[in-house]
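Each chain is listed here by its residues.
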Amino acid sequence: MDQINNQMAVIQAQARLGMQTGQERKLTRRYSVSTEKMIILLFTRLADLFGSKAANKGLVIYFDESKGIYSEQFDLWGWKLDDLTAEDFKRGMEGLEKRAEQCYRDGEEMWPPSYAEFRALAFPASNRDTLAHKPFERLQLPDMTAMSKAKQAGRAELDKMLGLLNETPEPKQLTAAEREDLEKLERIRNGQ
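Residue positions are counted from 1 within each chain, in the order its sequence is given. In keeping with the predicted nature of the model, local features appear solely for residues at pLDDT of at least 70, side-chain atom pairs appear and are counted solely at 80 or more, and the whole-chain, interface and lining totals rest on all residues. Working from all heavy atoms in the structure, the side-chain values ignore hydrogens and water.

Draft legend 1. Layout of helix H5 (residues 72–80). When we look at burial in H5, the residues that qualify are Phe74, Asp75, Trp77 and Gly78. Take H5 and look down its axis: the buried residues cluster within an arc of 165°, on one side only. Note on definitions: a residue-residue contact is assigned when non-hydrogen atoms from the two residues lie within 4.5 Å. Runs of H or I in DSSP of at least four residues are treated as helices and runs of E of at least two as strands, each being numbered from the N terminus. Looking at the buried side of H5, the elements it contacts are helix H3 (33–50), strand S2 (69–70) and helix H7 (115–122). Accessible area is worked out with a 1.4 Å probe on protein chains only. A residue is then buried under 20% of its type maximum, exposed over 50%, and partly exposed in between. It is the directions from the helix axis to the C-beta atoms that the arc portrays.

In structure tokens, the structure reads:
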């Protein structure tokens, strides 16, 4: 972790001095041109909606505009949102504007979204419709006649079970060979 922090400190210091970092030229865009254009429009709209809050969060388009080098946040959003279509971006912006309007109405402070929050706004809510979110049918009151019949049937079955426990078994009829064996055992016990 310290190594990552040290590397970030070096990159940030080089950025403040206007030096070109080695990583800037190594990183090639891995997102499409259409995604790039949509993110430029998105960042412009975020700047309109949130002003300095967007800049404080790093949502600026260029790291160095004269060289055409995009900011780290711009590249991150480009990589993470590359699979979104123009319709997804439109849906995401509409959702974001609605949320911002509601926050302003309620007097709450709102900050610009992260790329993950924007993705959540961009995707339709239909993929969230699981059984846990669907309303269940309300249970009706039980039918009293059905309950009494079930209670009587249960009582009858319990009585049968209790009857099995209380019954005394009938004595088993012994065969002649078994009687002879018992008599021999009795004689042995008695010492005869």
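Draft legend 2. Quick look at the pattern of salt bridges. Salt-bridge detection follows one rule: a side-chain nitrogen of Lys or Arg within 4 Å of a carboxyl oxygen of Asp or Glu. As enumerated under the stated definition, the model contains 9 salt bridges in all. Of the charged contacts in the structure, one is a salt bridge between Arg91 and Asp88, with a shortest N-O distance of 2.3 Å. Taken together, the positions of Arg91 and Asp88, both in helix H6 (residues 86–106) and 3 residues apart, correspond to about one turn of that helix. Here Glu101 and Arg105 are joined by a salt bridge, their closest N and O atoms 3.7 Å apart. With Glu101 and Arg105 both in helix H6 and 4 residues apart, this pair spans about one turn of that helix.

Draft legend 3. A nonpolar patch on the surface, seen in detail. Patches here: salt-bridge-free residues with over 30% relative accessible area, like charges joined within 9 Å, nonpolar side chains (Val, Leu, Ile, Met, Phe, Trp, Tyr) joined within 5 Å. Every accessible area reported is derived by Shrake-Rupley at a probe size of 1.4 Å, with residue values counting cover from the shown protein chains alone. A surface patch of nonpolar side chains, about 250 Å² in accessible area, is lined by Leu174, Leu182 and Leu185. Residue placement: Leu185 occurs in helix H9 (residues 176–190). You can call Leu185 partly exposed: its relative accessible area is 46%.

Draft legend 4. Inspection of the nonpolar core at higher detail. One finds Leu42, Phe43, Leu46, Trp77 and Phe118 to be the most contacted residues of the largest nonpolar core, which totals 23 residues. For this core, the secondary structure elements donating two or more residues are H3, H5, H6 and H7. Counting residues per element, this core draws most heavily on H3, at 6 residues. Apart from the residues within four sequence positions on either side, Trp77 is in contact with Ile39, Leu42, Phe43, Leu46, Leu59, Pro113, Ser114, Tyr115 and Phe118. We define a nonpolar core as any set of buried Ala, Val, Leu, Ile, Met, Phe, Trp, Tyr and Cys residues linked to one another through side-chain atoms lying within 4.5 Å.

Draft legend 5. Structural view of the packing of aromatic side chains. A pair of aromatic rings is counted whenever rings of Phe, Tyr or Trp (Trp by its six-membered ring) have centres within 6.5 Å, and the orientation is called stacked for planes under 30 degrees apart, edge-to-face for over 60 and tilted otherwise. As enumerated under the stated definition, the model contains 6 aromatic pairs in all. Considering the side-chain rings of Tyr31 and Phe74, the 6.4 Å spacing of their centres and the 65° angle between planes classify their relative orientation as edge-to-face. Separated by 43 residues along the polypeptide, Tyr31 in the loop between helix H2 (22–26) and H3 and Phe74 in helix H5 bring together distant segments of the chain. On the basis of relative accessible area, Phe74 is assigned to the buried category, the value being 0%. Taking 6.1 Å as the distance between ring centres and 40° as the angle between the ring planes, the aromatic pair formed by Trp77 and Phe118 counts as tilted. Separated by 41 residues along the polypeptide, Trp77 in helix H5 and Phe118 in helix H7 bring together distant segments of the chain. Taken individually, Trp77 and Phe118 each receive the classification buried, so the pair is uniform in this respect. Put simply, the rings of Tyr31, Phe43, Tyr70, Phe74, Trp77, Phe89 and Phe118 touch in pairs and so form one group of aromatic residues. Seen from the ring of Trp111, Lys53 lies directly overhead, with NZ or CZ sitting 5.4 Å from the centre. Charge-over-ring contacts are defined here by two conditions on Lys NZ or Arg CZ: a distance within 6 Å of the ring centre and an angle within 35 degrees of the ring normal.

Draft legend 6. Representation of the packing of H5 against H7. Here an axis means a line fitted to C-alpha atoms, over the contact stretch when the element is a helix, while the angle between two N-to-C directions is reported on a 0 to 180 degree scale. Running from N to C, H5 and H7 point in directions that differ by 35°, and their axes come no closer than 10 Å. Once H5 is placed against H7, the crossing between them reads as right-handed. Only Tyr115, Phe118 and Arg119 of H7 make contact with H5, whose side of the interface consists of Leu76, Trp77 and Lys80. Partitioning the contact of H5 with H7 into residue classes produces 4 nonpolar, no polar and 2 charged. In this scheme the crossing of two helices becomes right-handed for a clockwise turn of the near helix relative to the far one and left-handed for an anticlockwise turn of less than a right angle. Residues are grouped as follows: Ala, Val, Leu, Ile, Met, Phe, Trp, Tyr, Cys and Pro are nonpolar; Asp, Glu, Lys and Arg are charged; all remaining types, including Gly, are polar.

Draft legend 7. Up close: a negative patch on the surface. Taken together, the side chains of Glu178, Glu180, Asp181 and Glu183 present a region of like negative charge at the surface. One can find Glu183 in helix H9. Glu183 gets classed as partly exposed once you look at its relative accessible area, which sits at 45%. A residue counts as positive if it is Lys or Arg and as negative if it is Asp or Glu; His and the chain ends are not included. Note that the charge is assigned to NZ on lysines, CZ on arginines, CG on aspartates and CD on glutamates.

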